[in-house]
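Topology and contacts: notes
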Amino acid sequence: MILALIGFTLRAMVPITMTAVGEVIGETAGLFNIGLEGILLVSAFAGALGAAAVGPIGGLAIGMGVGALISLLFAVVSTYWKGTQMVAGIGINLLAIGFVEFGMIRFSSNAGAFSIPEQSQLFRFITPFGLLSPVIIIAVVLPFIIYWALKRTRVGLILKAAGEAPEAADVSGINVNVVRLLAATVGGALAGLGGAYMSVAWFGFVTKGMSAGRGFIALATVVFSGLNPILALAGGLLFGFFRSLGLWVDTIPGFPIPAEFLQMLPYVVTLLVVSGAIGRVRFPKALGTPYKRE
Amino acid sequence: MTESQETTSRLLRGVHRTLTGLHPAFESVLAAIVGLLMGALVMWLWGYDPIVAYKSMLLGAFANKWGLADSGAIAAPLVLTALTFSICLRAGMFNIGAEGQLIMGGLATVSVGFFALPPGLHHIVALTFAMIAGGLWSIGPALLKLTRGVHEVISTIMFNWIAHFLSIFLIGTLLINSLSADQTIAVPASAIFSKLVRGTDLTYAIFVAIAFALIVYFVLWHTAIGYEVRAAGLNPSAARYGGIRTKRTMFLAFLLGGLSAGLGATMILMGSSSTHAMYRLHGQLRNIGFDGMAVAMVGRNHPIGILFSAMFFGGLSAGGRLMQLSSSPVPVQMVRLVMGVIVFTMAVPELAKIFPSIKEQTVTLGQGLKRLVTSSRGRRST
């Protein structure tokens, strides 16, 4: 039973961790994207369609590509066009709901869900914890690589400069807008992988409510992590655990708490963790503001 | 200076003021056009005929009194959820919690089915219940923001999901309809608004939405506290320096927004809905809070603008149902896609800059008018 709970947690951790790590990259460079929820949803859908057409690896790649593309568009609006990032993010979320609802009707005989055939889903390892996708390994290793890249490499410094002191970065010859575009694209690709993972390597189907607030939980994870990718992994595990706990406890017959209250757990825990974490963390100075040359 | 000259100069000044005042509206229209064009592109890519589809949509929504009435019925709740977003935006916050507050308002609305009251009084009790429930649900994120500094984008979304699961629980237990288990008890006939146009969904409920929008306008633009709310939103540190208690204004904005969203549920449950009950997954209320944000932005976060933009989006949805039945049967879900593109486009400030020729023309027109105005003013002074 405990082993199954660990397996649940690992599977549920992936989309939140991937999205959060992607957003850490974007926020380090100064972009605040609340459209993550929409990116997760669209890439889950695109990944499912891709997997059904060209196989699981292709599906994941298509999901990544779609995530990167949406995020790139967001970045163009928020850098070159000096757009309001909050509004653009809300736009992405609405667009995603509309696009997936529309596409679902177009591509699936069933308006509620699009199932991926068994042979088009990504293979899973059989472990004592249940079936585990190889993507989980990426989600565990990646935060450490990104941590190293942000803290120890020149690329990390450039990203930080673009987020903390865009004027200084500009003076030292860094093209702030290009740096932000690239950061957003990489971050969007990671969120896209997280989304495609949900449909191609976890559930095996996609519904229009699939993202279920995970994009916003990832945003909360970023807040709680203070832009540290390793803490984002810890956050992903924490929220994955509470989501799984609800599902797991629900399988115990005669458990006194109604299922609906257990399903609330990840959201309640998010609120508690974030309200405890604020004040301790600080964010890049230029976060959320477009860089204008004087 | 002759009388006619003076009249001309006054008129010209009026035109100039109107045109500059219309600038934001112009941007909204431009965004709407971009959204509709993107929609057309998607339709075309998917093998539909966008012209036939849009024609049936627009004719169905705005060409006759039944279409207008159905558009108005869809617009009514959107006005209220849009106000939730706009009030908070004016106070400097992004409240995306209308969805959850609407659900709580809905639960409170159907709960009036537990007791009998004379019509009129029953209406007032139901409206009050809904507002109180929406208001109470907005206090959580407000307090988290003011005491712990939790960003409202995160807290309101979490409250939406908690409301979602709470409502599933309450609909299945406390509020359950003993005759059909997939829905709640219904709002009784003594608390339902009667039809305004026979054969459509439009009821007298829409006047509640319009009245609320006008009240919000009055409070925000013609009272001292409304001035404080807006001042704190524009520049919190300056407002604090000027003696405005910004925590109080933020709290009030959240609360007022919550009342509005809660009231939004009554537009459906006491008005346009055919069953006047909530379903297990509250399908009738789904996404109205989020669509309200699009309405708010296109309405430029002004209550009067919101009335117009809600009518526009209401028309798209009402007409969208007819579009599904046309010879180019585009699914009605297309509307939300168009909505998303419009909001995304609205994020770009001074949209006109991206279309240089349009911008140049407006600028030349504006400058020309300004010259005319100043020259007529100059003549008067001599």
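Residues numbered from 1 in each chain as written. Chains lettered and ligands numbered in written order. Predicted model: local features only at pLDDT ≥ 70, side-chain atom pairs only at ≥ 80, totals over all residues.

**Comments concerning the nonpolar core**
- Residues Val79 and Val343 of chain B are the most contacted members of the largest nonpolar core, which totals 220 residues.
- Ignoring anything within four residues of it in the chain, the contact list for valine 343 of chain B reads Val87, Ile90, Gly91 and Leu94 of chain A together with Met293, Ala294 and Met297 of chain B. (Core = buried A, V, L, I, M, F, W, Y, C linked by C-beta atoms within 7 Å. Buried ≥ 20, exposed ≤ 12 C-beta atoms within 10 Å, placed from the backbone. Contact = placed C-beta atoms within 7 Å.)

**Some points on helix 4 (residues 85–107) of chain A**
- Taking 1.5 Å per residue as the helical rise, helix 4 of chain A with its 23 residues ought to reach 33 Å, and the 32 Å between its terminal C-alpha atoms agrees with that figure.
- Burial runs high along helix 4 of chain A: 19 of the 23 residues are buried. (Helix = DSSP H or I, 4+ residues; strand = E, 2+ residues; numbered from the N terminus. Expected span 1.5 Å × (residues − 1).)

**Remarks on unusual backbone geometry**
Residue and element names in this part refer to chain B.
- Look at asparagine 287: it is not a glycine, yet its phi comes out positive at around 70 degrees.
- Checked against the element boundaries, asparagine 287 lands in the loop between helix 10 (246–272) and helix 11 (288–298).
- Notably, asparagine 301 is not glycine yet its phi reads approximately 55 degrees, a positive angle.
- Overall, the presence of 20 C-beta atoms within 10 Å leaves asparagine 301 in the buried class.

**A few points about the packing of helix 7 (residues 205–222) of chain B against helix 10 of chain B**
Residues and elements named next belong to chain B.
- Packing of helix 7 against helix 10 brings their axes to within 9 Å, and their N-to-C directions diverge by 165 degrees. Classified by the angle their axes make, helix 7 and helix 10 are roughly antiparallel. Considering how the two elements wind past one another, helix 7 and helix 10 form a crossing that is left-handed. Only Ser260, Leu263, Thr266, Met267, Met270 and Gly271 of helix 10 make contact with helix 7, whose side of the interface consists of Ala205, Val208, Ala209 and Phe212.
- Among the residues forming the contact of helix 7 with helix 10, the class breakdown is seven nonpolar, three polar and no charged. (Axes fitted to C-alpha atoms, helices over the stretch in contact; angles between N-to-C directions. Parallel < 35°, antiparallel > 145°, perpendicular 65-115°, else oblique. Left-handed = near helix turned anticlockwise from the far one by under 90°. Nonpolar A, V, L, I, M, F, W, Y, C, P; charged D, E, K, R; others polar.)

**With respect to the domain arrangement of chain B**
- Taken domain by domain, chain B comprises domain 1 (37–347) and domain 2 (356–382).
- Each of domain 1 of chain B and domain 2 of chain B has a C-alpha centre, and these two points are 41 Å apart. (Domains from an automatic or database assignment.)

**Section: the interface of chain A and chain B**
- Counting residues at the interface gives 39 residues for chain A and 38 residues for chain B.
- Those elements giving two or more residues to the side of chain A that touches chain B turn out to be helix 4, helix 9 (214–225) and helix 11 (259–277) of chain A.
- Considering every element that reaches the side of chain A that touches chain B, the biggest residue donor is helix 4 of chain A, with 15 residues.
- Considering only residue class, the side of chain A that touches chain B consists of 26 nonpolar, nine polar and four charged.

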